[in-house]
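# Chain and residue survey
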Amino acid sequence: MSNKANKANKANKASIERALEGVRNPCMTAAGLNLSIIDLSLLRDVKVNAGRVEVELTFTEPGCPFTHKVMDDITAVPQNFARGRSNAYRMGSS
């Protein structure tokens, strides 16, 4: 990968991470707390390579009933950066 492409990927990664600050944790919202997945350290990693975005995250509870809501919110963020290319999401539990 060229140095220019590497810098672009790092810039995109930082932009995506900032945008993910807007993804709220539904359990925290229901409890009256406005905490994001970033605030809760649920984001493990973001990788960008040639327009492909890979987001790795965890949840506070295995089998979280709000997983699909969080994934929908997260999915909307990288699609804006990847310009229609495929994206990958990996989940684990803490």
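Structural data are supplied above this passage.
Our subject in this report is the structure included herewith. (Residues numbered from 1 in each chain as written. Predicted model: local features only at pLDDT ≥ 70, side-chain atom pairs only at ≥ 80, totals over all residues. Heavy atoms only, no water.)

Take Ser 36: it is sitting in the loop between α2 (26-30) and β1 (43-49). Of the residues examined, Ser 36 reaches a relative accessible area of 1% and is grouped as buried. (Helix = DSSP H or I, 4+ residues; strand = E, 2+ residues; numbered from the N terminus. Buried < 20%, exposed > 50% of the residue type's maximum accessible area, 1.4 Å probe, protein only.)

Counting 16 residues, the largest nonpolar core has Ile 16, Leu 20, Val 23, Ile 37, Leu 57, Val 70 and Ile 74 as the members making the most contacts within it. For this core, the secondary structure elements donating two or more residues are α1 (3-20), β1, β2 (52-59) and α3 (67-82). The contacts of Val 70, once residues within four sequence positions are left out, are Val 23, Pro 26, Ile 37, Leu 57 and Phe 59. (Core = buried A, V, L, I, M, F, W, Y, C linked by side-chain atoms within 4.5 Å. Contact = heavy atoms within 4.5 Å.)

What follows deals with the environment of Met 71. Here Met 71 is to be found in helix α3. Residue class for Met 71 comes out buried when judged on its relative accessible area of 13%. Spatially, the C-alpha atoms of Met 71 and Leu 57 are 9.8 Å apart, while their sequence positions differ by 14 residues.

Relative to the helices and strands, Val 53 is located in strand β2. Here the alpha-carbon distance between Val 53 and Lys 13, two residues 40 residues apart in the chain, equals 8.4 Å.

What follows deals with empty space enclosed by the protein. Under the defined criterion, the tally for this structure stands at one cavity of 30 Å³ or more. Of the volumes computed, that of the largest cavity is approximately 50 Å³. Lining of the largest cavity is provided by Asn 25, Pro 26, Cys 27, Phe 59, Thr 60, Cys 64, Phe 66 and Val 70. (1 Å grid on protein atoms, 1.4 Å probe; cavity = no way out; pocket = protein on both sides within 12 Å on 5 of 7 lines; lining within 4 Å. Points joined across faces, edges and corners; volume = space filled by probe spheres on them.)

Below, the discussion takes up the pattern of salt bridges. In the structure shown here, the tally under the stated rule is three salt bridges. Here Asp 45 ties to Lys 13 by a salt bridge, and the two come within 3.5 Å at their closest N and O atoms. With Asp 45 in strand β1 and Lys 13 in helix α1, this pair connects stretches of sequence that are 32 residues apart. You can call Asp 45 partly exposed: its relative accessible area is 21%. Judged by relative accessible area, Lys 13 falls into the partly exposed class, the value being 28%. Between Lys 69 and Asp 73 there is a salt bridge, with its nearest N and O atoms 3.0 Å apart. (Salt bridge = Lys/Arg side-chain N within 4 Å of Asp/Glu carboxyl O.)

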